[in-house]
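# Coordinate analysis (summary)
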Amino acid sequence: MTMILTDLPTAIKRSDFASDFLWGVSTSAYQIEGAAAVDGRVPSIWDTFSATPGKIRDGSTGAVACDHYHRWEEDLDLAQSMGLNVYRFSIAWTRIFNGVDAEPNAKGLAFYSKLVDGMLARGLQPWCTLYHWDLPQYIQDQGGWNNRDTIKLYLQYVDVITRHLGDRIKHWITHNEPWCTAMHGNWDGMHAPGNKSLPLALQVCHNVLVSHGHAVPLIRANVPDAKVGIALSLHPVKPASDSAEDIAAVSRHDALRNRWFLDVLYGRGYPAEALALVGADAPVIEPGDMEAIAVPCDFLGVNYYFPEEVANAPEDYPLRTRIVYPQDRQRTDFGWEVSPDGMVTLLERVARDYPTGDLYVTENGSSYDDHLEGGVVQDTARRDYLIRHLAAMRDAIAAGSKIKGYFAWSLLDNFEWAEGYLRRFGLTYIDYATQRRIVKQSGEWYSAFVRGKN
Ligand code: IFM
C-alpha cells in the first residue's frame with residue numbers, strides 16, 4: 001500500500017538553489033530504447049539474461065521497452081517541456097561495435113549523434129554515461145569484465161564515442177554503479193550475467209574500476225574541455241540496534257558497500273577492514289592499477305535511493321552482517337526506505353571524507369504502483385518523495401555541501417532490470433500497450449518547480 005508522507009516541507013522553490021544549479025533527469029539505454037535488433041545492434045548480456053526463464057519477475061525483456069529509439073524526439077520534447085536544463089543518458093555499446101567488424105557501426109553512431117543534437121536544440125545539456133550495464137554478449141562470451149582484455153575493448157569504444165561526440169558532449173560518466181555491475185551481476189546473480197561467486201565479483205569490480213581509471217585521461221585527450229566522473233550507488237549505513245555488535249557491523253558493511261569504491265578512487269587503496277574479511281577472495285591487482293584508478297576526476301556522481309540498516313550476523317560470509325528491514329519505516333512500494341535525511345548524511349560524509357570536487361546527485365527517485373485513471377496519474381507519494389529530497393538537498397547545500405545538480409530517476413517508466421516492468425520510477429507514465437506517455441502529477445510538480453512556478 002502506498003504510504004502518503006506527512007511531514008512535507010511547506011515551501012521549496014527553485015530560487016532556494018543557485019541559478020546555475022543543474023536540474024535534470026537520468027535514463028539508460030537498455031531500460032528505454034528497445035529496438036533490440038535494429039540498425040546493427042547486437043545482443044547484450046541483458047538480452048541474454050532477460051530471455052532466460054526465471055530471471056525477470058514478469059518474464060519481460062528490454063526488446064521494446066519504451067521504444068525510445070523511435071520515439072526519442074517525443075521524449076526529449078517531454079524533458080524540454082519540463083523546463084529541465086540537463087539530460088543524462090547512456091550509450092549502448094552494442095550499437096557501436098558488433099564483435100565482427102573492426103569499424104564502428106555508422107548507424108549506431110548516427111543515432112546518438114542525432115539524439116545529442118536533439119538535446120542541444122532543446123536547451124538540454126547532454127550528460128553521457130558510457131557504461132550502464134549492457135555489456136555486449138560477445139564480450140561476455142570471452143569472460144566479460146573478468147577478462148582484462150575487456151578493459152582494452154572498453155577503451156576502444158570510449159575512444160570512438162568521445163572522438164565522435166566530444167564536440168557536443170562535455171560531461172562524461174565512465175560507469176554507472178560499478179557495485180551493481182560487479183556484485184548483482186556476479187555475486188548474488190540478480191543481474192546479468194547472473195554469476196554467483198564473490199571472488200569473481202571482486203575481480204570484475206576491480207577491472208571495471210581500472211577501466212574507469214584509464215578512460216578518464218583518454219576522454220580528456222579527446223575532449224580537452226571535458227568534465228569527467230563516475231556515478232556510484234552509495235548508501236548510508238545504520239545499525240539495527242544500539243548493541244555494540246550491531247554498531248560494529250556498520251563499519252564492516254560500509255567497508256565493502258561504500259569505501260571499497262570511494263577509498264580506491266581517492267587513492268587510499270581497498271579498505272584494510274574489507275580486505276581482511278574477503279581474504280583470498282580479494283582481486284588480483286596488477287602493477288599500476290591502483291594509481292590508474294585513483295586518477296583525479298572533475299566530479300563525483302552519487303546515486304542515492306535509501307539507507308541500509310545492518311545487524312551483526314556471525315554466520316554470513318564475508319561481512320558477518322545482515323541487512324534488516326524494520327516494519328516501522330516509511331517505504332516506497334518497492335520496499336525501499338524513504339529517508340531524505342539519509343541523503344544529507346551521505347552527501348555530507350562523502351564531502352567530508354573525500355576530495356570529491358563538485359558533487360552531483362546523478363540519480364534519486366522512487367517506485368510506486370501507479371495507476372492511470374481518468375487520463376491522469378496521481379502519484380502523490382512520488383511527488384512528496386521528490387519534495388522532501390529536494391528540501392534535504394537544499395539543507396545539505398546550506399550546510400556547505402558542494403552539490404551542483406540533481407537528476408531525477410527517471411524521465412519515463414522503464415524496464416527495471418530483474419523486476420521487469422513491475423516497478424515504475426518515471427515522472428512520466430508509460431502505457432506499454434500503446435506507448436502513450438502521460439506526465440504524472442510528480443512530473444508536473446517537478447516541471448513547475450524547475451520553472452520557478454511553485
Ligand atoms: O533503474 C535503476 C538504474 O538503472 C540504476 N540505478 C537505480 C535505478 C532504480 O533501481
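Whatever comes next refers back to the structure up there.
Attention here is on the structure that accompanies the text.

The rules behind each value
- Residues numbered from 1 in each chain as written.
- Predicted model: local features only at pLDDT ≥ 70, side-chain atom pairs only at ≥ 80, totals over all residues.
- Heavy atoms only, no water.
- Buried < 20%, exposed > 50% of the residue type's maximum accessible area, 1.4 Å probe, protein only.
- Helix = DSSP H or I, 4+ residues; strand = E, 2+ residues; numbered from the N terminus.
- Contact = heavy atoms within 4.5 Å.
- Pairing = 2+ DSSP bridges.
- Axes fitted to C-alpha atoms, helices over the stretch in contact; angles between N-to-C directions.
- Near = heavy atom within 4 Å.
- Polar contact = N/O pair within 3.5 Å; in protein donor to acceptor, adjacent residues only side chain to side chain.
- Areas by Shrake-Rupley, 256 points an atom, 1.4 Å probe, with all protein chains shown as cover.

Turning to helix α14 (residues 441–450), a few remarks are in order. With seven of ten residues buried, α14 lies mostly within the body of the structure. Buried positions along α14 lie against β1 (22–26), α3 (68–81), α13 (380–398), β11 (403–409) and β13 (436–439). Backbone geometry just downstream of α14 places G452 in the positive-phi region, at approximately 70°.

Attention now moves to the sheet that holds strand β9 (residues 321–323). Backbone hydrogen bonds are what pair the strands of a sheet, in a parallel or an antiparallel way. One open sheet holds the three strands; their spatial order is β6-β8-β9, and the pairing between them is mixed. What marks the edges here is a single partner per strand, and that holds for β6 (237–239) and β9. Neighbour-to-neighbour, the strand axes of the sheet open up by a mean angle of 40°, direction not taken into account. One ladder, built from three bridges, connects β6 with strand β8 (residues 308–312); its direction is parallel. In the sheet register, K238 faces β8, and the bridge partner there is E309. Sheet strands in contact with helix α9 (residues 244–265) are β6, β8 and β9, and its direction is about 125° off that of β8.

Moving on: the site of the ligand. Around the ligand, the neighbouring residues are Q31, H132, W133, N176, E177, Y305, W336, E363, W409, E416, W417 and F425. In this structure, an oxygen atom belonging to the ligand sits 2.7 Å away from a side-chain N or O atom of Q31. Take W409: an N or O atom from its side chain is 3.4 Å from an oxygen atom of the ligand. For the ligand, the accessible surface in isolation is 280 Å², of which the surrounding protein chains cover 95%.

Turning our attention to unusual backbone geometry. With the exception of glycine, the majority of residues adopt a negative phi angle, and the majority of peptide bonds are in the trans configuration. Cis geometry marks the peptide bond from A192 to P193, where omega comes out at 5°. Take P193: it is sitting in the loop between α7 (178–186) and α8 (198–222). For the peptide bond that leads from W409 to S410, omega is 10°, which places it in the cis range. Inspection of the secondary structure assignment puts S410 in the loop between β11 and β12 (428–431). For D39, which is not a glycine, the phi torsion comes out positive at approximately 55°. Turning to its location among the elements, D39 is positioned in the loop between α1 (29–32) and α2 (45–50).

Let's shift gears to the side chain of S60. Mapping S60 onto the fold places it in the loop between α2 and α3. Under the relative-accessibility criterion, S60 is labelled buried at 12%. Not counting chain neighbours up to four residues away, the residues in contact with S60 comprise S50, F415, G420 and Y421.

Interpretation note: all reported values are geometric properties and have no functional meaning in isolation.
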